[in-house]
Amino acid sequence: MDWKRLDRARRSVGPHELELVESFAQGRISRRDFLRRGTVIGLSAPLMAAVLAACSNEESQAPGPSGSGTGQQGGTIKIATQTPAATLDPIAMQDLGAYGLLAQSFEFLATLGDNGEIAPGLAESWTSNDTRDVWTFQLRQGVKWHDGTDFTSEDVAATMDRLVEAGNSGLKGVIEKGSVDTSDPNVAVITLTGPNLNFPYLVSVFNAQTPITPVAYETGTTLDGSPNGTGPWKLTSYDAATKATFERNPDWWGGQTPLDGQEVQFFDDLGTMVTAMQGNSIDAIVQFQAIGGEGLLNNPDFVVLDIQAATHRQIWMRCDTGQFADKRVRQALALTFDRDAMVQTLFAGKAEVANDHIIPPFAPFFSDTVPQRTKDDEAARQLLADAGFPNGLKAVLHAAKLQEIPDLAQLIQAGAKAAGFDLELQIEGLDTFYGAQWCPAEPADPPCSGAAELGIVDYGHRPTPDVFLNSAFATNGVWNSSQYSSSEFDAAFKTFQESQDAEDQKTACGELERILNEDVPVGVPYFYHYLSGHSNGVQDIRVSALGQMFIEKASFV
Amino acid sequence: MTRYLARRVALSLVTLFLLATLVFVIVNVLPSDPGRRIAGPFAPQETVDALNERLGANDPLLQQYGRLLKNTVTFDFGDSFKYGKPVKSVLFPALARSAKLVFLALLLTVPISILAGIVAARRRNTLADRLIVTVGLASSSIPEFVSGVTLQFLLGVQLGWLPVLALAPSDAGIGTQFKHLLLPALALVAVYFGYIARITRAGAIQALDADYTRTAVMKGLDNRRVLTRHVMRNALQPTVAVVGTQIGYLFSGLIGLELIFAYPGLGSLIVGAAGDKDYPLLEAGVLLVGIIYMICTLLADLLIAWMNPRARLVGEFA
């Protein structure tokens, strides 16, 4: 330990930052957690490097770009992705196909760092006040929109206002319209409705609808309708059925990209994508599944980017009415899940077993204090009998035709039979499922009160659980299809939001995990990995687990 | 010929009117809430109602039907629900892609199949005849998406001779586009070769055995003239009729092949529109395919009428 160096670092930070430095210095958090939390609260890269060096006695380097940087200059990369489901509207988009395209031309206040965490994007740095309810973002200077105009805090304010109006799932209730102070064009000061330690995540690539768009952008404007971002790639053509092409933005603030351009081709079939990669017709795949993607997983010429993600399925059960209102019935159904078999059958092992809450076991704030629920048909039968169903019960399990979900529904149906659940499957198209079963628009108050009794819904990756907790479980949450309402949970969630450091968050998460595992408003059987990759003829590609592939540093080998 | 043409065009217009009516009935039988489709499942009901009002979804059926007929004439179906763009701007690029594939497939299939059919007819019951018939029958019985996958794996992945995707880069010239389309086109050749060759063979056998052919030979015409002027002109009429009707299918029915080669043509677009309940696109797509069918059968009928003047008299005395 280099005490002198550590002391210098200690003296240059405030009390909250000091707490993080001390946690790392005393070995209470890992190097990864230190970097992650440091980035979130706005510690500078040189300071983090100094702390790492002081604690390890090594000449550590600031977290920076990875990759060899020895690739060729020029060329156009061919990327395969899923066909966008709707228009390229940055505010309203809901699918990974659109997320990936938008992230080429538009940028976020916080982007994806080399370590998989957030890193400075359009904001060079950020800090918060002591109560974590005012966040100040120092905007990068010299950034220009593709049409040549300057990027300023006015653009940030207009974007945030549009997001609030649209009811963005991450920002709803966190900020209000007019919350961005734009008195300095190079600084965006955002006042929240309450403390939030994770706010930088909510304006980062991990809240995919929050790229900063020009002040003149109107809600409903699409990327192809007005291709005017700040990012490294300019959209040159877009055909919703076939592909999008981008060329290098020569005026990008990050310098010249090694590649000249990219051609993003749309696919509706995983098998075709795999064949295209095997036939060298594409260079990279934004996302593929383990089942059906064996040809890629076993291909020595293909580099798999395997990311542990919080992507999961929730088997919601109505807590307010019907057969599942008694929590013993919900616990019984959760006891019938053969989680290990699901992980193997549906993901060839590329998933983690979950414990009926939404904190993934690899998350830094995960608390391992709640025992893992395992399959136990006998206990499930007993719980059903205790709840007044000695002869079992009949119910309809609703599910959407999406990825592995119909197969999951079958596994649940088969696994629950022995315990006395007679489940009838109703597999529906996405429109019908979301609009009629999961969260029907009517009745609107409380949201989702028209939801079916039992169903399976999909949730994408989020690095922090704020959106899941706020939308699916908080009383009157916008996606609360189980109509769960618990004052104990709401209080624990508030504590989590108001946590001042990583240790507090972990403690709060332990409580949230316990409550959700006990009440089981939803069953959560697994978190599955996000799989992406590229041929070994290209290098320095990074991906988020939300369909965004970042290739500004990529090059052909 | 002019009267025949006028009669056929008039008949096509009546068919188009019936088709438009049928499309209207089908779309109105399906559950439809365009406002909800556009605004999404979470939009407030007021927004949905306003959208439905703006789109005319609440108008009386007769008014909606009149609008569809007008749209059919102008081919202006408004914006696609899914793409948020004019239907034409989505439909026509897909039509162009399908047309390229169909054109190449026909360019390869028709001459080879006709030649094989004539050879088989002239060498009836020889090894060549049996080979053409047997190979043709076998290849036609394999669906195009199966032969497509096989060709893709063998010629694309294993040997690396041809691109495995049918869509060429944006700046590709004709040569590159041809190369990209060759694999799916070959899959279609495999299916249609046997079919067209057998029909040609049957027609050619009939023509070769006909009195007019015997007379032509006996009056001393050389083989080439007999074949081109007398045999083929009569033998190819069923072939022309079959190819004419198959073109419509080729434009809209190759969904499996389009999926395998990531080549979104008209078929995939219409299926997608049906799945997405994108009614403007669905209506326009179905009508466009109907128009293609009509144009192709009309052209086939005109070609047959040119080859055989008696065909023009059909119905003349009815």
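Preceding block: the structure.
All values derive from a computational prediction rather than experimental measurement. Per-chain numbering applies: the sequence of each chain, read as written, is numbered from 1 onward. A letter from A marks each chain and a number from 1 marks each ligand, given out in the order of writing. In keeping with the predicted nature of the model, local features appear solely for residues at pLDDT of at least 70, side-chain atom pairs appear and are counted solely at 80 or more, and the whole-chain, interface and lining totals rest on all residues. Side-chain metrics rest on all non-hydrogen atoms present in the structure, leaving aside hydrogens and water.

Student: Honestly, the overall build of chain B in this entry has me stumped. Any pointers?
Tutor: Numbering of helices and strands runs from the N terminus, with a helix taken as a DSSP run of H or I at least four residues long and a strand as a DSSP run of E at least two residues long. Helix and strand content of chain B: 13 helices and zero strands. Helices and strands appear in chain B in the N-to-C order α-α-α-α-α-α-α-α-α-α-α-α-α. Counting only C-alpha atoms, chain B reaches 85 × 60 × 30 Å along its principal axes. Partly exposed residues are those whose accessible area sits between 20% and 50% of the maximum for their type, while under 20% is buried and over 50% is exposed, using a 1.4 Å probe and protein chains only. When each of the 318 residues of chain B is scored for burial, the buried share is 46%. The contacts in chain B between residues at least 6 apart in sequence include a share of 72% that link residues at least 24 apart. Under the convention used here, a 1.4 Å probe and the Shrake-Rupley method define accessible areas, while residue burial counts only the protein chains that appear. Here chain B displays about 16200 Å² of accessible surface, and carbon together with sulfur accounts for 68% of that area. Counting rule for charge: Lys and Arg are taken as positive, Asp and Glu as negative, and neither His nor the chain ends is counted. A charged residue contributes its charge at one atom only: NZ of Lys, CZ of Arg, CG of Asp or CD of Glu. With 29 positive and 19 negative side-chain charges, chain B shows a spacing of 15 Å between the two charge centroids. Should any heavy atoms of two residues lie within 4.5 Å, those residues are counted as being in contact.

Student: Please explain the overall build of chain A as it appears in this structure.
Tutor: Within chain A one finds 17 helices and 24 strands. Structurally, chain A occupies a C-alpha span of about 70 × 55 × 45 Å along its principal axes. Burial statistics for chain A: of 557 residues in total, 58% are counted as buried. Counting contacts in chain A only where the partners sit at least 6 residues apart, residues at least 24 apart contribute 69% of the total.

Student: What am I meant to see in the pattern of salt bridges here?
Tutor: Side chains that differ in sign of charge can pair as their charged atoms come close. Residue and element names in this part refer to chain A. Every case where a carboxyl oxygen of Asp or Glu lies within 4 Å of a side-chain nitrogen of Lys or Arg is listed as a salt bridge. A full pass over the atoms with the stated rule returns 28 salt bridges over all chains. The partner of Asp150 in a salt bridge is Lys144, and the shortest N-O contact between them spans 2.6 Å. Residue classification places Asp150 among the partly exposed residues on the basis of a relative accessible area of 48%. For Lys144, a relative accessible area of 37% puts it in the partly exposed group. For Lys327, the salt bridge goes to Glu518, with nearest N and O atoms at 2.9 Å. Of this pair, Lys327 sits in helix α10 (residues 327–335) while Glu518 sits in helix α17 (residues 502–519), and the two are 191 residues apart along the sequence. Using a relative accessible area of 35% as the deciding quantity, one classes Glu518 as partly exposed.

Student: When you look at the side chain of Thr311 of chain A in this model, what are you seeing that I'm missing?
Tutor: All names here are of chain A. Mapped onto the fold, Thr311 is located in the loop between β12 (302–307) and β13 (312–317). Residue classification places Thr311 among the buried positions, given a relative accessible area of 8%. Every residue in contact with Thr311, bar those within four places of it in the chain, is listed here: Tyr459, Gly460, His461, Tyr526, Phe527 and Tyr528.

Student: Explain the packing of aromatic side chains here, please?
Tutor: The geometry of an aromatic ring pair is captured by two quantities: the separation of the ring centres and the angle between the planes. Centres within 6.5 Å make a pair out of two Phe, Tyr or Trp rings, where for Trp the six-membered ring is used; the pair is then stacked when the planes are under 30 degrees apart, edge-to-face when over 60, and tilted otherwise. Applying the stated criterion across every chain, the model contains 25 aromatic pairs over all chains. With a centroid separation of 5.0 Å and an interplanar angle of 50°, the aromatic rings of Trp252 of chain A and Trp253 of chain A are classed as tilted. Residue classification places Trp253 of chain A among the partly exposed positions, given a relative accessible area of 28%. Aromatic side chains Tyr434 of chain A and Trp438 of chain A sit 5.7 Å apart centroid to centroid with 70° between the ring planes, which places their arrangement in the edge-to-face category. Of this pair, Tyr434 of chain A and Trp438 of chain A are both found in helix α14 (residues 430–438), four residues apart, which corresponds to roughly one turn of the helix. Tyr434 of chain A gets classed as buried once you look at its relative accessible area, which sits at 17%. Exposure remark for Trp438 of chain A: the relative accessible area of 6% places this residue in the buried category. Taken together, the aromatic side chains of Trp316, Phe433, Tyr434, Trp438, Tyr459, Phe468 and Trp479 of chain A make up a single cluster linked through ring pairs. By definition here, charges over rings are those cases where NZ of Lys or CZ of Arg is within 6 Å of the ring centre and within 35 degrees of the ring normal. One Lys or Arg, Arg140 of chain A, reaches over the ring of Trp253 of chain A and ends 3.9 Å from the middle of that ring. Over the face of the ring belonging to Trp306 of chain B we find Arg233 of chain B, whose NZ or CZ atom lies 4.9 Å from the ring centre.

Student: Explanation requested: the sheet that holds strand β20 (residues 530–535) of chain A in the structure shown.
Tutor: Pairing between the strands of a sheet comes from backbone hydrogen bonds, and it takes one of two forms, parallel or antiparallel. Residue and element names in this part refer to chain A. Any two strands with at least two DSSP-identified bridges between them are counted as paired. Within the open sheet, the seven strands sit side by side as β8-β9-β10-β1-β11-β20-β12. Their pairing is mixed. Each of the sheet's edge strands pairs with one partner strand only, and the pair in question is β8 (233–239) and β12. Across this sheet, the average inter-strand angle for adjacent strands is 20°, counted without regard to direction. Pairing of strand β1 (residues 76–82) with strand β10 (residues 261–267), which is carried by seven bridges, proceeds in the parallel orientation. Bridged to Ile79 within β10 is Val264. Geometry is summarised by axes, namely lines fitted to C-alpha atoms with helices restricted to the contacting stretch, and by angles between N-to-C directions that run from 0 to 180 degrees. Lying over the sheet, helix α5 (residues 96–105) contacts β1, β8, β9 (243–248), β10, β11 (284–288) and β20, oriented at roughly 140° with respect to β8. Here helix α8 (residues 270–278) sits on the sheet and contacts β1, β10, β11, β12 and β20; the angle it forms with β11, its principal contact strand, is near 150°.

Student: Would you explain the packing of helix α1 (residues 2–29) of chain B against helix α4 (residues 61–74) of chain B in this entry?
Tutor: A pair of packed helices is characterised by two quantities: the angle between their axes and the separation of those axes. Residues and elements named next belong to chain B. Running from amino to carboxyl end, α1 crosses α4 at an angle of 135°, the nearest separation of the two axes being 10 Å. As the angle between them shows, α1 and α4 are arranged oblique. Read as a crossing pair, α1 and α4 show a hand that is right-handed. The residues of α4 that touch α1, namely those facing Leu16, Phe17, Ala20, Thr21, Phe24 and Asn28, are Leu61, Gln64, Tyr65, Leu68, Leu69 and Thr72. As a working rule, the residues Ala, Val, Leu, Ile, Met, Phe, Trp, Tyr, Cys and Pro are called nonpolar, Asp, Glu, Lys and Arg charged, and the rest polar, with Gly in that last group. Partitioned by chemical class, the residues of the contact of α1 with α4 number eight nonpolar, four polar and no charged. An angle counts as roughly parallel when it lies under 35 degrees, as roughly antiparallel when it exceeds 145, as roughly perpendicular when it falls between 65 and 115, and as oblique in every other case. Whether a crossing is left-handed or right-handed is set by the direction in which the near helix is turned from the far one by less than a right angle, anticlockwise for left-handed and clockwise for right-handed.

Student: Which parts of the structure should I look at to understand the nonpolar core?
Tutor: Within soluble globular proteins, side chains that are nonpolar generally end up buried alongside one another. Formed by 202 residues in total, the largest nonpolar core has its most connected members in Leu109, Phe137, Met160, Phe199, Leu333, Phe421 and Phe489 of chain A. Element by element, the count of residues in this core is highest for helix α13 (residues 279–307) of chain B, at ten residues. Look past the residues within four positions of Leu333 of chain A in its chain and what remains in contact with it is Ile315, Met317, Phe324, Ala416, Phe421, Leu423 and Leu454 of chain A. What is meant by a nonpolar core is a set of buried Ala, Val, Leu, Ile, Met, Phe, Trp, Tyr and Cys residues, joined one to another through side-chain atoms within 4.5 Å.

Student: Hey, could you run me through the sheet that holds strand β7 (residues 187–191) of chain A in this one?
Tutor: Residue and element names in this part refer to chain A. Here we have four strands laid out as an open sheet, ordered β4-β5-β7-β6, and antiparallel in their pairing. The two strands at the open ends of the sheet, each matched to only one other strand, are β4 (123–128) and β6 (180–181). Along the sheet, helix α3 (residues 31–41) contacts β4 and β5 (134–139); its crossing angle with β4, the most-contacted strand, is approximately 90°.

Student: Whenever I open this one, a negative patch on the surface confuses me. Can you help?
Tutor: Patches draw on residues past 30% relative accessible area with no salt bridge. Two like charges within 9 Å are joined, as are two nonpolar side chains (Val, Leu, Ile, Met, Phe, Trp, Tyr) within 5 Å. A contiguous patch of negative charge on the surface is contributed by Glu442 of chain A together with Asp33, Glu46, Asp49 and Glu53 of chain B. Within the secondary structure layout, Glu53 of chain B lies in helix α3 (residues 45–55).

Student: Which parts of the structure should I look at to understand the interface of chain B and chain A?
Tutor: Where interface size is quoted, it is often the accessible area lost as the parts come together. With 29 residues of chain B at the contact, the number on the chain A side is 32 residues. Where chain B abuts chain A, roughly 2200 Å² becomes buried across the two surfaces, and 60% of that area is made up of carbon and sulfur atoms. Ionic pairing is found between Arg97 of chain B and Asp239 of chain A, a salt bridge with its closest N-O pair at 3.0 Å. It is helix α7 (residues 144–158) of chain B that contributes the most residues to the side of chain B that touches chain A, three residues altogether. Within the side of chain B that touches chain A, the residues separate by chemical class into 17 nonpolar, five polar and seven charged. Buried area: the accessible surface (1.4 Å probe) lost by two parts on joining, summed over both.

Student: Quick question: what am I supposed to make of the layout of surface pockets here?
Tutor: Once rolled over the atoms, a probe with the size of a water molecule shows which space is left empty. Residue and element names in this part refer to chain A. Only protein atoms enter the 1 Å grid used here, on which a cavity is any set of points holding a 1.4 Å probe that cannot leave and a pocket is any open set flanked by protein within 12 Å on both sides along at least five of seven lines; residues with an atom within 4 Å of a point are listed as lining. Grid points are joined across faces, edges and corners, and a volume is the space filled by probe spheres set on the points. Reported here for the second largest pocket is a volume of approximately 890 Å³. Along the walls of the second largest pocket sit 43 residues, with Thr111, Leu112, Gly113, Ala119 and Pro120 positioned nearest its centre. Of the residues in the lining of the second largest pocket, the class split is 23 nonpolar, 13 polar and seven charged.

Student: What is the right way to read the pairing of β5 of chain A from this model?
Tutor: When a strand is regular, its side chains alternate between the sheet's two faces. All names here are of chain A. With burial as the criterion, only one face of β5 is covered, namely that bearing Trp135, Phe137 and Leu139; the residues Val134, Thr136 and Gln138 on the opposite face remain uncovered. As consecutive antiparallel partners, β4 and β5 are separated by five residues, and within that stretch Arg132 has a phi angle of approximately 60°, a positive value. As defined by bridge partners, β5 adjoins β7 across five bridges and the pair is classed as antiparallel. Residue Trp135 lies in a different strand from β7, and its bridge partner there is Ile190.

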